[in-house]
Amino acid sequence: SHSLSRSGSASSPPSNRLSFGLSASETLFDLGTFSSIRTSKIGWEKSLADYRSESAGLRQTLYSAFTGLIVAQEQVKVNRKILDIREENAKLIQLKYESGRESRGNMLYAAALAERSRADLQNSERSQDMARRALLKNLGSPGRRQVSAKGELSVPEYTLRTGSLELDNIPRIVSQRKSIESYKEKLLSARADILPTLSASQSMSLSGVSEFPGNRSWSMGLSLSLPLFSSGLTYYPNAVKAAR
């Protein structure tokens, strides 16, 4: 700090007073403050684990939507081929029926199969449209654009070795473990409300009538604070019970 003051009266001439000082204070022991810092660190680690979990879930959703669109596209192709075959078969049986070489029942049955295949194709086309919209939704793309998926449906070879799984590194497990640690820190912080806090302070100042005054003064001190009943008689036990 640096200050300049000028004062005077009717009986005395005006005079200047300058001062320059430095002061500092620090907390030596405050378990509640230390616990809040650790709680913030745990909260950050939990948020990081939640982010990893959300990222993995999004990749899984995108992969499922992409695969679903491929399956829907293949289903449309298969149903279209089935419809072409059954329509040709219905026409052939219709010609045989008109020439008297096929029964009416077989002709009607072939026509019904062709209509059933046409309905299946329409259903598969609607399923393809739904799969396309699901993929666009998961990609965050608005509208109903005509997109298609290209790829092959295959199952990769993979052997699951349960003995080498590190469960502690799974994001969801990490998030839950950090939640437990956070609650433990909150319990410690609640218990620390009754503990004393210790702080130190020191200062040095120079004062006088010139710009670089020569009158020096200093101070040093320690402060111990013990909160006996700062929040009431029942606050501490109830806060500890709630945190536990």
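The structure we're discussing is the one just above.
An account of the accompanying structure is given in this report.

1. Let's talk about the pairing of strand β2 (residues 15-29)
The pairing of strand β1 (residues 2-7) with β2 spans six bridges and is classified as antiparallel. Paired with S3 across the strands is S19, a residue of β2. For β2 and strand β3 (residues 197-208), the ladder comprises eleven bridges, and the chain directions are antiparallel. Among the inter-strand pairings, E26 is bridged to a residue of β3, identified as A200.

2. A word on the nonpolar core
If you look at the biggest cluster of nonpolar residues, it comprises seven residues: A65, L69, I70, A72, A131, L135 and A149. Taken together, the elements giving at least two residues each to this core come down to α1 (31-98) and α2 (104-139). A total of four residues in this core trace back to one element, the largest contributor, which is α1. Every residue in contact with L135, bar those within four places of it in the chain, is listed here: L62, A65, F66 and L69.

3. Quick word on the side chain of S117
Relative to the helices and strands, S117 resides in helix α2. Since its relative accessible area comes to 3%, S117 is described here as buried. What S117 contacts, discounting residues up to four positions off in sequence, is I82, L83 and R86.

4. Considerations on the sheet that holds strand β4 (residues 215-225)
The four strands lie next to each other as β1-β2-β3-β4, forming an open sheet whose pairing is antiparallel. Each having just a single partner strand, β1 and β4 make up the two edges of the open sheet. Here the strands of the sheet are splayed against their neighbours by 20 degrees on average, with no regard to which way each runs.

5. Focus on the environment of S207
Inspection of the secondary structure assignment puts S207 in strand β3. C-alpha separation for the pair S207 and F20, spaced 187 residues apart in sequence, amounts to 6.4 Å. For S207, the contacting residues outside a window of four places in its chain are R17, L18, S19, P213, G214 and N215. There is a polar contact of 3.3 Å between the side chain of S207 and the side chain of R17.

About the cut-offs
- Per chain, the residues get numbers from 1 upward, laid out in the order the sequence is written.
- Reporting in this predicted model follows two pLDDT cut-offs: at least 70 for local features of residues, and 80 or more for side-chain atom pairs to be given and counted; totals over whole chains, interfaces and linings ignore these cut-offs and use all residues.
- The basis for the side-chain values is all heavy atoms of the structure; hydrogens and waters are excluded.
- Strands are labelled as partners when DSSP assigns at least two bridges between them.
- Counting from the N terminus, the helices are the DSSP runs of H or I reaching at least four residues and the strands are the DSSP runs of E reaching at least two.
- Definition of nonpolar core: a set of buried residues of the types Ala, Val, Leu, Ile, Met, Phe, Trp, Tyr and Cys, connected through side-chain atoms within 4.5 Å.
- The classification of residues rests on relative accessible area computed with a 1.4 Å probe and restricted to protein chains. Under 20% of the type maximum is buried, over 50% is exposed, and intermediate values are partly exposed.
- The criterion used for residue contact is that any of the two residues' heavy atoms lie within 4.5 Å.
- Under this scheme, a helix contributes an axis fitted over its contacting stretch, all axes are lines through C-alpha atoms, and angles between N-to-C directions fall in the 0 to 180 degree range.
- In protein, a polar contact means a hydrogen-donor-capable atom and an acceptor-capable atom, both N or O and within 3.5 Å, with residues adjacent in sequence counting only if both atoms are side-chain atoms; elsewhere, any N or O pair within 3.5 Å suffices.

Coordinates in, geometry out; function isn't part of it.
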